Each structure stands twice: as structure tokens, then as C-alpha cells.
Amino acid sequence: MLKKFTLFLIILLLFWISFFPQPIQDKYGIALKIFLGIFLLVLLFSRKIFQNFRLFVKDWPLWLFLACILPNIFLAQDKKIALDTYLHLSLCLCLLFYIGKGLYNQRNADFAHIVICICSGLVAIFGLFEVIFAFNPLYKYFISNPFYERYITSWVRPMSTLFNPAPLASYLLVGLPSAVYIFKSKTLIKKTCGAVVLVINCVCLILTFCRSSFLGLLAMLFFFLLIQKQYKKTLLFVLAASILFLLMSVLPYPFNRLSPKGIGIYGTGVFSDYRITRTKMAVNMLKTSPLTGVGLKNFRVLFDKYYPNQNELLYVDYEIKIADNMYLTLLAETGILGLGGFLIFVFMLLRRVIKKTRKAGGSISNQIFLYPGLSLIGLFFSMVGYELFYWYTPYALFCLTCGFIQGAVYDGGI
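All of these numbers come straight from a predicted model, not from anything done at the bench. (Residues numbered from 1 in each chain as written. Predicted model: local features only at pLDDT ≥ 70, side-chain atom pairs only at ≥ 80, totals over all residues. Heavy atoms only, no water.)

### Considerations on the overall build of the protein chain
Next up, step 1: The number of helices and strands found in the protein chain is 21 helices and zero strands.
Next up, step 2: Projected onto the principal axes, the alpha-carbon positions of the protein chain cover approximately 65 × 50 × 45 Å.
Next up, step 3: By residue count, 57% of the 414 residues in the protein chain fall in the buried class.
Next up, step 4: Expressed as a percentage of contacts within the protein chain between residues at least 6 apart in sequence, the contacts between residues at least 24 apart total 73%.
Next up, step 5: In the structure as shown, the protein chain presents an accessible area of about 18900 Å², 71% of it carried by carbon and sulfur atoms. (Helix = DSSP H or I, 4+ residues; strand = E, 2+ residues; numbered from the N terminus. Buried < 20%, exposed > 50% of the residue type's maximum accessible area, 1.4 Å probe, protein only. Contact = heavy atoms within 4.5 Å. Areas by Shrake-Rupley, 256 points an atom, 1.4 Å probe, with all protein chains shown as cover.)

The following block contains the structure:
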């Protein structure tokens, strides 16, 4: 009964983060944290799963990261915002990391991937509906969305249930490895389900035209082939990706967003004036507090002070008073300590994935390590395009994915 109840709770959790847009999640944030706390307690009562919680020594990169982003609170311009943000990020990370760690093992991996696969497929179908009919009933009638008119007119960029194309792209990115995992099952129903979700997720993700997540998709495919030591296929993939980039270069907007120039210099590309300005602002903020940064969510608070073209401030919308890059945000807001702690946390997880996958060789068991690792690689690239940690669903998936990796690596106890 306890095991069935645990599986029911993971369905509820993934249903919540998949189908309820950001404003609803913000409104019921406290209730969600209580739910997560109860969920974790249920896991702790399971004797087998408890083995994964006996010791925390192996989780030192997580605690290092949380310790490294703590000092920014004391030097923040707005200490209340910094403290509230730290409490939210740290509590969600701890709860979801250990829920993921407790759930994801050889016994439960199939179930977790099936639920993620089904949920992401339904979200993608709703996104494709939005593109075809240029209509989203959620934001038209029920939930106020400042992005709706912008992305629903002209060439539609789907938002589905994720409120904005960028978090939707990240969400679909995480769902892709689960679709592959299910596709590689032996049963026909699972194979069909995995194949369908794989196709519609890729199509919907590309139609968001989110450049960082598109690069994340390519990176996931590249590392999947490389880790499996399929070097000939890796070379063919690089060739195919190069041809795809050239094709995107000759297509009109919005397809040219995914071309080298679109990624590099068009609009808000990596080397555009928009990005260069925010990079300079982040560096200047870092100079004022190199080790600990200016405080979580304080980039927006200090935006007007550090914006180089003061005469243009009247024309800068509140929405874009951000670094629009999670790494720049961490660097400016939490300093060298915060960004360093984050990179150590992520790279230690990826290092364990690579080590375990290679050790398992071509056996089926290596899938349990590989697929959450691919999701993390995708998110790692996706963070270049926006503040992923400040959108609940992508952040929740990041936390769960990290927990999945730790649970897989130390399956059967620490």
C-alpha cells in the first residue's frame, strides 16, 4: 500500500508541475512545499528507500552549492527579496532532490519515465493545438498572461501550460530522454507511446524557437552518441547538424532564429547589443561584491543603477530588466562563490553519470544513469537563454533530475 501511495504521489507532483501555469504555482507555493514535505516523509517510512537517506556525505556538492549561495543575503540591496528567494530555492532543491533520489532506482525508473513521457506528450499536444488554431483557452479565458498576445499573433510560438515559450522548451527537453527510454522498451505499446511522444515533443520544442533549448537538444543528441562510443554516428550527426544550421540560415523568420546568425547576433542573440549590455552590467555588479554577489533577484532591483544608457531607461520594460541568462544571474547575484558552487554541483553529477554509464557498457542497466544525465545536459544549455531557476516548473524538473541521477548512482543504499 505504501509503495502504491508513493507512486500516486509522483503522479500528482508531475501532474501539478506539468499542467498548472506559473501564476497558480506561485499562488499555492506554500501548500506545494507542505505536499513535498509529506511526500518526503512517506519515502522515509519506506524501509528500502530509506537506505538512500541514511547518510548525506555523498551529497556534499548539493550542500556546498546551498552554502555558497547563502552569504549573498547579507550584502544584498534588498535583503528581504534575497532571503525569500534563497528560502524558496533551497527548500525546493532539498525536497525535490531527495524525493528524486528516493524514487529513482532500478525498481521505479520505468514508472517515473512513463509518467514524465505521458505528461510531456500531453503538454506538447496542447502546444501543437495552440500553433494550429492560434488559440490557447487557458490564457484567453482563465489566466492572465502578459506574454499571450505577443506569442499568439503573427507566427505562433506555443506556450501550452508553461506560460511562456522558454520554460515550455525546457520542459519538453527534459521529457525527451524519458520518451527515448520508453521507446527502447520491449512491449509494442510502450514503443509506440515513446515514438509518438518523441516526435511531437521535438516538433513542439522546435516551434518554440527558443535558441538555448534548441542547442540543448543538439547537445543531448551529441553526448548520447558520444557516451555510447558511437563515433561514426557522432560524426554523421555533426554533419547533419551543420546542414540544418545552413538550412535555417536561408529560411525566413522565425526559423532563422535557429541559424548561426540568429543564435549569434539577431535580436537577443548571444553577441547582440542586448546580451552584451547585460553581460557588462553583470560584471560591474560582480565588481562591487566579487565573492558573494549583489543578492538573489537583486539584478532587477539594481538594473536602473547599472544600466549604461540612462537616457533609454524609460523605454526598457520591467519584464526585461534581467540578465536573461542563468549563469550571468548567478554570477552577479551570488558571486564567484555561488556560480562556482553551482558548477561543482552539476559537474559532479555529470561526472558520476559518465563514470557509471561507461562502467555499465552497452547493458540495459546503463539507461538508468544515462537518461537523467541527458536531461541535465539539456537544461545546462537551456539556462543560457533565461533565468530558469526563477520559473517553477523548469526549476522543479532540474531539482528532480539531479535527485534522479543521485538515486541511480547510489541505488541500493549509499
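### Some words on the pattern of salt bridges
Next up, step 1: The final tally for this structure, using the stated rule, is five salt bridges.
Next up, step 2: Where arginine 275 meets aspartate 324, a salt bridge forms, and the shortest distance between an N and an O atom there is 3.9 Å. In this pair, arginine 275 sits in helix α16 (residues 273-288) while aspartate 324 sits in the loop between α18 (303-306) and α19 (326-360), placing the two residues 49 residues apart along the sequence.
Next up, step 3: Owing to a relative accessible area of 13%, arginine 275 belongs among the buried residues under this scheme.
Next up, step 4: Classification of aspartate 324 by relative accessible area gives buried; the value is 13%.
Next up, step 5: For lysine 321, the salt bridge identified is with aspartate 304, shortest N-O distance 2.9 Å. One end of the pair, lysine 321, is in the loop between α18 and α19; the other, aspartate 304, is in helix α18, with 17 residues separating them in the sequence.
Next up, step 6: Residue class for lysine 321 comes out buried when judged on its relative accessible area of 14%.
Next up, step 7: Taking the relative accessible area as the measure of exposure, aspartate 304 reaches 35% and is therefore partly exposed. (Salt bridge = Lys/Arg side-chain N within 4 Å of Asp/Glu carboxyl O.)

### A word on unusual backbone geometry
Next up, step 1: Residue proline 254 is reached from tyrosine 253 by a cis peptide bond, and omega for that bond is 5°.
Next up, step 2: Here proline 254 lies in the loop between α14 (231-250) and α15 (260-264).
Next up, step 3: One non-glycine residue, alanine 134, lies in the positive phi region at around 50°.
Next up, step 4: Tracing the backbone shows alanine 134 in the loop between α8 (109-133) and α9 (137-142).
Next up, step 5: Assessed through its relative accessible area of 40%, alanine 134 is described here as partly exposed.
Next up, step 6: In the Ramachandran plot, serine 154 falls in the positive-phi region, its phi being about 55° despite a non-glycine side chain.
Next up, step 7: Looking at the secondary structure, you find serine 154 in the loop between α10 (148-152) and α11 (165-183).
Next up, step 8: A relative accessible area of 79% places serine 154 in the exposed class.

### Side note on the packing of aromatic side chains
Next up, step 1: Applying the stated criterion to the full structure yields 37 aromatic pairs.
Next up, step 2: Ring plane angle 65° and centroid distance 5.9 Å describe the contact between phenylalanine 135 and tyrosine 141, whose orientation is recorded as edge-to-face.
Next up, step 3: Overall, phenylalanine 135 belongs to the partly exposed group, its relative accessible area being 25%.
Next up, step 4: On the basis of relative accessible area, tyrosine 141 is assigned to the exposed category, the value being 57%.
Next up, step 5: An aromatic cluster is present here, built from Trp63, Phe65, Phe97, Tyr98, Tyr327, Phe342, Phe345, Phe347, Phe380, Phe389, Tyr395 and Phe398 joined pairwise through their rings. (Phe/Tyr/Trp six-rings, centres within 6.5 Å; stacked < 30°, edge-to-face > 60°.)

### Details of helix α20 (residues 367-382)
Next up, step 1: Between its first and last C-alpha atoms α20 spans 22 Å; for 16 residues at 1.5 Å apiece the expected length is 22 Å, and the two agree.
Next up, step 2: Of all 16 residues in α20, 15 are buried; the element is thus mostly enclosed. (Expected span 1.5 Å × (residues − 1).)

### Quick word on the packing of α11 against helix α12 (residues 188-208)
Two measures define how a pair of helices packs: the angle their axes make with one another and the distance between the axes.
Next up, step 1: Packing of α11 against α12 brings their axes to within 8 Å, and their N-to-C directions diverge by 155°. Taken together, the axis directions place α11 and α12 in an arrangement best described as roughly antiparallel. As for how α11 packs across α12, the hand of that crossing is left-handed. Only Lys190, Lys191, Gly194, Ala195, Val197, Leu198, Asn201, Cys202, Cys204, Leu205 and Thr208 of α12 make contact with α11, whose side of the interface consists of Pro165, Leu168, Ala169, Leu172, Leu173, Gly175, Leu176, Ala179, Val180, Ile182 and Phe183.
Next up, step 2: Considered class by class, the residues forming the contact of α11 with α12 number 16 nonpolar, four polar and two charged. (Axes fitted to C-alpha atoms, helices over the stretch in contact; angles between N-to-C directions. Parallel < 35°, antiparallel > 145°, perpendicular 65-115°, else oblique. Left-handed = near helix turned anticlockwise from the far one by under 90°. Nonpolar A, V, L, I, M, F, W, Y, C, P; charged D, E, K, R; others polar.)

### Considerations on the nonpolar core
Next up, step 1: If you look at the biggest cluster of nonpolar residues, it comprises 124 residues, and the most contacted ones within it are Ile17, Leu96, Phe342, Phe345, Phe389 and Phe398.
Next up, step 2: In contact with phenylalanine 345, not counting residues within four places along its chain, are Pro61, Leu62, Phe65, Leu93, Phe97, Phe398 and Cys402.
Next up, step 3: Within the second largest apolar cluster, 14 residues are counted, among which are Phe303, Tyr306, Tyr307 and Ala332. (Core = buried A, V, L, I, M, F, W, Y, C linked by side-chain atoms within 4.5 Å.)

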